[in-house]
Amino acid sequence: MRRIGDRDVSCIGLGCMPMSAERMVGERDRAIATIHRALDLGITLLDTANVYAPSWDAVGHNERLVAEALRTYTGPAALADVLVTTKGGITRGAGETWGRDSRPVPLRAACEASLVALGVDCIELYQHHRHDPALSYADQVRAMRDLREAGLIRMIGLSNANLDELGVALDELGGPDDGGVVSVQNEYSPRYRADADVLDRCTELGIAYLPWSPLGGAEQAHDIGSRYADFAEVGVEAGVSPQEVVLAWLLATSAVIIPIPGASRPQTVDSIVHAVEVRLDAAQFGRLAATAPEATSMYPDDLPRSPLR
Ligand SMILES: NC(=O)c1ccc[n+]([C@@H]2O[C@H](COP(=O)([O-])OP(=O)(O)OC[C@H]3O[C@@H](n4cnc5c(N)ncnc54)[C@H](OP(=O)(O)O)[C@@H]3O)[C@@H](O)[C@H]2O)c1
């Protein structure tokens, strides 16, 4: 188990985004079975977002899928222990135009739509998805605080925040001990580790750090062993898959890390949960930590590197 704010959650969560990929249209039963498998195996953190959808006119698709999976679950897990996290602040419009909008009124509208899609009265953890370059970051953080004060959300997280942005949010809201920022969800993987400074600050303050695309995303996840030989070699030594080594390495990197690997099939969830059992010795950990990352993010044009305003 690991902690987000005042909630204990499983040390690995499930990233639900791949279940709303275009290729999954017509595979709803498989998607629901994947979430049910995660619940059966003790995963109590499900990550979604309003914009995870096969097309722009289906925004809320992934949130509705998560809600349906929870509604139809009949297994042994206690659903009261499950934390569903969603996000707002990215927009998706006609013709697949993507944008950002964290002005108070549109952000509130997005949050209200997420409440409906998830079928809840209050979102336990709402994450600010990405910096809106039209606004100061402080204004965006204040818009999140307004949502909390209105009772629409209970805890506030950030996503794609750099160290300056995290600093602004901490100045405005405080950290987890003050009921402020409880989590940061940034890209972090063998491929991309540019936000190590954000991770260090989160570790220092006890802010949960949720690495997104921990396996490099759906396109690269299956051949991560051929891209990063050290992870494959340690996998051979430990008798586990390279993907399981990646997840074990992330868990060993910091006590605040809670990876959220994506999955679209129940068997993948079995492997994700198996990774929790993998123990790396100091030499193996050192080798993995020394692996050179690549220079670019998965979304190189979408970095939160705009000058802080
Ligand atoms: N905040 C943000 O801006 C942001 C951006 C991107 C993603 N995210 C979040 O982060 C989550 C994870 O990112 P992601 O889904 O893009 O990428 P990812 O977790 O790096 O890769 C997902 C793919 O990895 C495969 N996989 C997962 N565990 C595996 C294992 N143990 N063995 C073999 N294959 C495995 C899955 O395969 P199958 O599909 O075959 O099961 C899935 O397609 C998303 O679901 C989303 O919740 C957030």
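As the structure is a prediction and not an experimental result, all values here were calculated from the model.

## Re the nonpolar core
Counting 74 residues, the largest nonpolar core has Leu-14, Ile-35, Leu-46, Leu-166 and Tyr-209 as the members making the most contacts within it. By size, the runner-up hydrophobic cluster in this structure holds 12 residues, among which are Ile-4, Val-9, Val-182 and Trp-212.

## Considerations on the pattern of salt bridges
Per the stated rule, a full pass over the model turns up 19 salt bridges. Arg-142 serves as the salt-bridge partner of Asp-139, at 2.6 Å between the closest nitrogen and oxygen. With Asp-139 and Arg-142 both in helix 4 (residues 137-149) and 3 residues apart, the pair spans about one turn of that helix.

## Quick look at the site of the ligand
Lining the immediate environment of the ligand, one finds 31 residues, of which Asp-47, Leu-215, Ser-264, Arg-265 and Thr-268 sit closest. Here an oxygen atom of the ligand sits 3.4 Å away from a polar atom, N or O, in the main chain of Gly-15. Contacts to the ligand include Leu-215, whose backbone N or O atom sits 2.7 Å from an oxygen atom. When the ligand is considered free in solution it has 900 Å² of accessible area, and contact with the protein chains removes 96% of it. Element by element, the count of residues in the shell around the ligand is highest for helix 10 (residues 266-274), at 3 residues. Partitioning the shell around the ligand into residue classes produces 13 nonpolar, 14 polar and 4 charged.

## Quick look at the layout of surface pockets
A volume near 1200 Å³ is recorded for the largest pocket. Around the largest pocket, the lining is made up of 45 residues, and of these Met-17, Pro-18, Ser-213, Ala-218 and Tyr-299 lie nearest the centre. Looking at the lining of the largest pocket, the elements with two or more residues in it are strand 6 (90-93), helix 9 (242-253) and helix 10. Within the lining of the largest pocket, the residues separate by chemical class into 21 nonpolar, 15 polar and 9 charged.

Rules and cut-offs
Residues numbered from 1 in each chain as written. Predicted model: local features only at pLDDT ≥ 70, side-chain atom pairs only at ≥ 80, totals over all residues. Heavy atoms only, no water. Core = buried A, V, L, I, M, F, W, Y, C linked by side-chain atoms within 4.5 Å. Buried < 20%, exposed > 50% of the residue type's maximum accessible area, 1.4 Å probe, protein only. Salt bridge = Lys/Arg side-chain N within 4 Å of Asp/Glu carboxyl O. Helix = DSSP H or I, 4+ residues; strand = E, 2+ residues; numbered from the N terminus. Near = heavy atom within 4 Å. Polar contact = N/O pair within 3.5 Å; in protein donor to acceptor, adjacent residues only side chain to side chain. Areas by Shrake-Rupley, 256 points an atom, 1.4 Å probe, with all protein chains shown as cover. Nonpolar A, V, L, I, M, F, W, Y, C, P; charged D, E, K, R; others polar. 1 Å grid on protein atoms, 1.4 Å probe; cavity = no way out; pocket = protein on both sides within 12 Å on 5 of 7 lines; lining within 4 Å. Points joined across faces, edges and corners; volume = space filled by probe spheres on them.

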